Number of protein chains: 2
Amino acid sequence: MPFGNKSYKSAETLGYLNSQQALADFALLIRSLKHNLSSEASPVVVFGGSYGGMLAAWFRLKYPHIAIGALASSAPILQFDDITPWSSFYDAVSQDFKEASLNCYEVIKGSWAELEALSAQNEGLAELSRTFRACQDLHSLDSVWEWLWSAFVYTAMVNYPTEANFMMPLPAYPVQAMCKIIDGFPSGASKITRVFAAASLYYNYSRAEKCFKLEHGPDAHGLHGWNWQACTEMVMPMTCSEESMFPTSSFSYKEFAEDCMKTFGVKPRPHWITTEFGGKRIDLVLKRSGGNIIFSNGMQDPWSRGGVLKNISSSIIALVTEKGAHHVDFRSATKDDPEWLKELRRQEVEIIQGWIDQYYPDLKRTNKE
Amino acid sequence: MPFGNKSYKSAETLGYLNSQQALADFALLIRSLKHNLSSEASPVVVFGGSYGGMLAAWFRLKYPHIAIGALASSAPILQFDDITPWSSFYDAVSQDFKEASLNCYEVIKGSWAELEALSAQNEGLAELSRTFRACQDLHSLDSVWEWLWSAFVYTAMVNYPTEANFMMPLPAYPVQAMCKIIDGFPSGASKITRVFAAASLYYNYSRAEKCFKLEHGPDAHGLHGWNWQACTEMVMPMTCSEESMFPTSSFSYKEFAEDCMKTFGVKPRPHWITTEFGGKRIDLVLKRSGGNIIFSNGMQDPWSRGGVLKNISSSIIALVTEKGAHHVDFRSATKDDPEWLKELRRQEVEIIQGWIDQYYPDLKRTNKE
């Protein structure tokens, strides 16, 4: 962060927290490193996952003189404006659960109404507090909603093929594990009991939690910085459709702007990212300009829907894995990695090696002239 | 200018006067125009000469999603850092004069010492005031020096093949015309008399001036904005070598920074332009990325030495004319235009037509998918 702990003080310092500044910082850093290491001619390849994947792809597009290539993993650079359908993210989360088990999807989909009905009753919130083992008595249904929502969304994102600890410690294919829990209850069990048990897998796989802090303090997830970016430039409109397992919701630029004004005192620039970095008709644009970018995406990752899923040119390549989740290729190799994951990493190394193999003869030719 | 007449008030408003902001402004403007004109899919080609030429080339590199191509005329994008030899600009000015007449070059080269000797004498400045027909008595030799310097440098830049009025009204090939004046004096004439007569062609081709304002008020040439940019990002180190017709001079980043601090209260970022836009080993970088740029340069233009003078790829093309001067291709066509100038413009139109001819089938293919 550009100003350390003071970065979040006000818009005056937060203003530097934007993608263009980040790219310029990387440009300066890499140039300075090369200069200090006397390796001006060494090829540099940038790597990034998620938001970092967007930065990696954009860096290669804007600074081809500093990086000879980029590996952009799970980079949803098309999740802006109206390039990708607004409902695709939550539809994809839901599809992960539906593919694991139709019953599981239907239990979750039905749980919101059950929760609403219960919370409307006398002593409903008290009962929910007990069912959800809340460390402190609940004041509203919202916190339960958010607690469940986070569990399902993040688990879909990290539906990795091996035991992992990215957001939380979780078993291999945690979506399947959650659905196994939901499906494993006797037929009379309520939907609320089932979704609580499923979400507990996310929050308590280690079984260390005695109770759950459903009502978080401010910024428990360290997302304040991201929220600032979402309220200035990284505006990704998202909705929940009838097809999703979440309650339907809409998106309004106007309401979003009002919320941002309340939280940060700024108005979003909703079309800035596509103005600065493009995205509309991306294959048309990059077919004949740009080069040396790998976009890798796992289809289990709901962000993949806003990524580049098809080759654009001979050197702008999409690597898509059916069972991959959020930047799974960037996780450390383990003895349990499936073949498709090993193959994905092998392809990435091979393509990057190809860029480097091309770079040195190009450099030699340039030096001769 | 971003704040109209208030733009120059202080660094607070001047801060927006930089190349990145200019490019972002153009990106927003073009997107907004396309939106308002319901022509989102129309191909846009950007044009610019001199600094505008740099912006055009950089715009195509940074915003390929907004412009399908660029014609960058007389764009010295390599006049930064140590990419182009620091003395090349003034060496090129001198070469223009030397090619017109070796005697002419030698008279100008020798005039500075003669001026210095005279100004050191009693009543020397008074005599110079009379010789140079100064509207007001001279206080120092500096103003004479600058007056002559401007005449020679700008005349080299606008050494157009036809009568023109870009900096000043001037005849066709004004360098040759100046040298004809210098060479036309009887052998006993002083160098001072000759260079004054030559410079008068630049300041008084219309013969309307009764006297010359050698001591300008602040910013007589409207260069304050450019000076700000030179003091922040557009740092182009320039020196005069022994080969040039000007008194030798050196360049020091340290002294330059001190001057900028005095004038604007800012320190230059001398390597920022190459960090942001590249330039070092430009053919290596752009050989396999970027596309659809024409760099046109006339070798009479001293800025051409900092331009792209060789083809980089099949779609990044250098058009060089031996007799062309500063963005001569962007001047209105006249009945006196020589064949090579007509041919240059014809080539530019043909290449741009090629980009458009390629764009529409690409667009059709994209829309089908």
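None of the values given here were measured: they were computed from a predicted structure. (Residues numbered from 1 in each chain as written. Chains lettered and ligands numbered in written order. Predicted model: local features only at pLDDT ≥ 70, side-chain atom pairs only at ≥ 80, totals over all residues. Heavy atoms only, no water.)

Attention shifts here to helix α11 (residues 253-264) of chain B. All names here are of chain B. The terminal C-alpha atoms of α11, which comprises 12 residues, lie 16 Å apart, in line with the 16 Å expected from a rise of 1.5 Å per residue. On its buried side, α11 packs onto α1 (11-14) and α10 (224-232). Looking one or two places after α11, you find G265, whose phi comes out positive at around 70°. (Helix = DSSP H or I, 4+ residues; strand = E, 2+ residues; numbered from the N terminus. Expected span 1.5 Å × (residues − 1). Contact = heavy atoms within 4.5 Å.)

Glancing now at the pattern of salt bridges. All names here are of chain A. Counted under the stated rule, the structure contains 24 salt bridges over all chains. A salt bridge links D336 to K335; the shortest N-O distance between them is 3.3 Å. Note on K335: relative accessible area 75%, which makes it exposed. (Salt bridge = Lys/Arg side-chain N within 4 Å of Asp/Glu carboxyl O. Buried < 20%, exposed > 50% of the residue type's maximum accessible area, 1.4 Å probe, protein only.)

This brings us to the packing of helix α4 (residues 88-100) of chain A against helix α5 (residues 102-120) of chain A. Residue and element names in this part refer to chain A. Contact pair α4 / α5: the axes reach a minimum separation of 5 Å and the direction vectors enclose 135°. Considered as vectors, α4 and α5 are oriented oblique to each other. Of α5, the residues touching α4 (which contributes S94, F97 and K98) are L102, C104, Y105 and I108. A breakdown of the residues in the contact of α4 with α5 according to their chemical character gives five nonpolar, one polar and one charged. (Axes fitted to C-alpha atoms, helices over the stretch in contact; angles between N-to-C directions. Parallel < 35°, antiparallel > 145°, perpendicular 65-115°, else oblique. Nonpolar A, V, L, I, M, F, W, Y, C, P; charged D, E, K, R; others polar.)

Moving on, we come to the sheet that holds strand β6 (residues 316-321) of chain A. The strands that make up a sheet are held in pairs by hydrogen bonds between backbone atoms, and each pair lies either parallel or antiparallel. Residue and element names in this part refer to chain A. Spatially, β1-β2-β5-β6 is the arrangement adopted by the four strands of the open sheet, whose pairing is parallel. At either end of the open sheet lies a strand with only one pairing partner, and these are β1 (45-49) and β6. When strand polarity is set aside, the average angle formed by the axes of neighbouring strands in this sheet is 10°. In terms of strand pairing, strand β5 (residues 293-298) meets β6 through six bridges, oriented parallel. Along β6, the bridge assignment pairs S296 with L319. Taken strand by strand, helix α3 (residues 51-62) contacts β1, β2 (69-73) and β5, and its axis lies near 150° from that of β1. (Pairing = 2+ DSSP bridges.)

Once that is clear, we can look at a nonpolar patch on the surface. Residue and element names in this part refer to chain A. Together, F26, L29, L33 and L37 make up an exposed nonpolar region whose accessible area comes to about 390 Å². Structurally, the position occupied by L33 is in helix α2 (residues 19-36). On the basis of relative accessibility, which here comes to 43%, the residue L33 falls in the partly exposed class. (Patch = residues over 30% accessible without salt bridge, like charges linked within 9 Å, V, L, I, M, F, W, Y side chains within 5 Å. Areas by Shrake-Rupley, 256 points an atom, 1.4 Å probe, with all protein chains shown as cover.)

Take the domain arrangement of chain A next. Residues and elements named next belong to chain A. Considered domain by domain, chain A is made up of domain 1 (43-81 + 273-368) and domain 2 (88-222 + 241-252). Relative to domain 2, the C-alpha centre of domain 1 lies at a distance of 33 Å. Each partner contributes to the interface: domain 1 provides 19 residues, whereas domain 2 provides 18 residues. Around 1500 Å² of area is buried between domain 1 and domain 2 when both sides are counted, 59% of it from carbon and sulfur atoms. On the domain 1 side of the interface with domain 2, the three residues burying the most area are Q300, P302 and R331, jointly 40% of the side's total. Remark: the boundary between domain 1 and domain 2 carries zero salt bridges. (Domains from an automatic or database assignment. Buried area = accessible area lost by both parts, 1.4 Å probe.)

What follows concerns the confidence of the model for chain A. With 98% of its residues at a pLDDT of at least 70, chain A reaches an overall mean of 95. Across the assembled chains, the prediction reports ipTM 0.93 with pTM 0.95. (pLDDT = per-residue confidence, 0-100.)

Further remarks concern the relation of the copies chain A and chain B. With an RMSD of 0.0 Å, the fit of chain A onto chain B corresponds to turning through 180° and sliding 0.0 Å along the axis. Each copy turns onto its partner about a two-fold axis. Most of the interface of chain A is mirrored in chain B, where 100% of its interface residues are also at the interface. (Least-squares fit on C-alpha atoms with pLDDT ≥ 70 in both.)

A few words now on the environment of A:D362. Residue position: A:D362 is located in helix α14 (residues 339-368). The buried category is assigned to A:D362, whose relative accessible area is 7%. For A:D362, the contacting residues outside a window of four places in its chain are B:L284, B:K287 and B:R288.

So, about the interface of chain A and chain B. Where the parts come together, the accessible area they lose is often given as the size of the interface. On the side of chain B, 38 residues touch chain A, which itself brings 38 residues to the contact. Summed over both sides, the interface between chain A and chain B buries roughly 3200 Å², with carbon and sulfur atoms accounting for 50% of that surface. Across the chain A-chain B interface, the total number found is six salt bridges. Residue B:D362 is joined to A:R288 by a salt bridge in which the shortest nitrogen-to-oxygen separation is 2.7 Å. The tally of links between chain A and chain B comes to 23 residue pairs in polar contact (both at pLDDT 80 or more). Of all elements in the fold, only α2, α3, α12 (272-277), α13 (282-286) and α14 of chain A reach the threshold of two or more residues within the side of chain A that touches chain B. A per-element tally of the side of chain A that touches chain B places α14(A) first, with seven residues. Tallied by class, the residues present in the side of chain A that touches chain B amount to 14 nonpolar, 11 polar and 13 charged. (Polar contact = N/O pair within 3.5 Å; in protein donor to acceptor, adjacent residues only side chain to side chain.)

Right, let's talk about the packing of α10(B) against α11(B) for a bit. Residue and element names in this part refer to chain B. Contact pair α10 / α11: the axes reach a minimum separation of 10 Å and the direction vectors enclose 130°. Relative to α11, the element α10 lies oblique. Note that α10 runs across α11; the crossing there is left-handed. Where α10 approaches α11, its residues H224, N227, W228, A230 and C231 are matched on the opposing element by F256, C260 and F264. Split into classes, the residues belonging to the contact of α10 with α11 amount to six nonpolar, two polar and no charged. (Left-handed = near helix turned anticlockwise from the far one by under 90°.)

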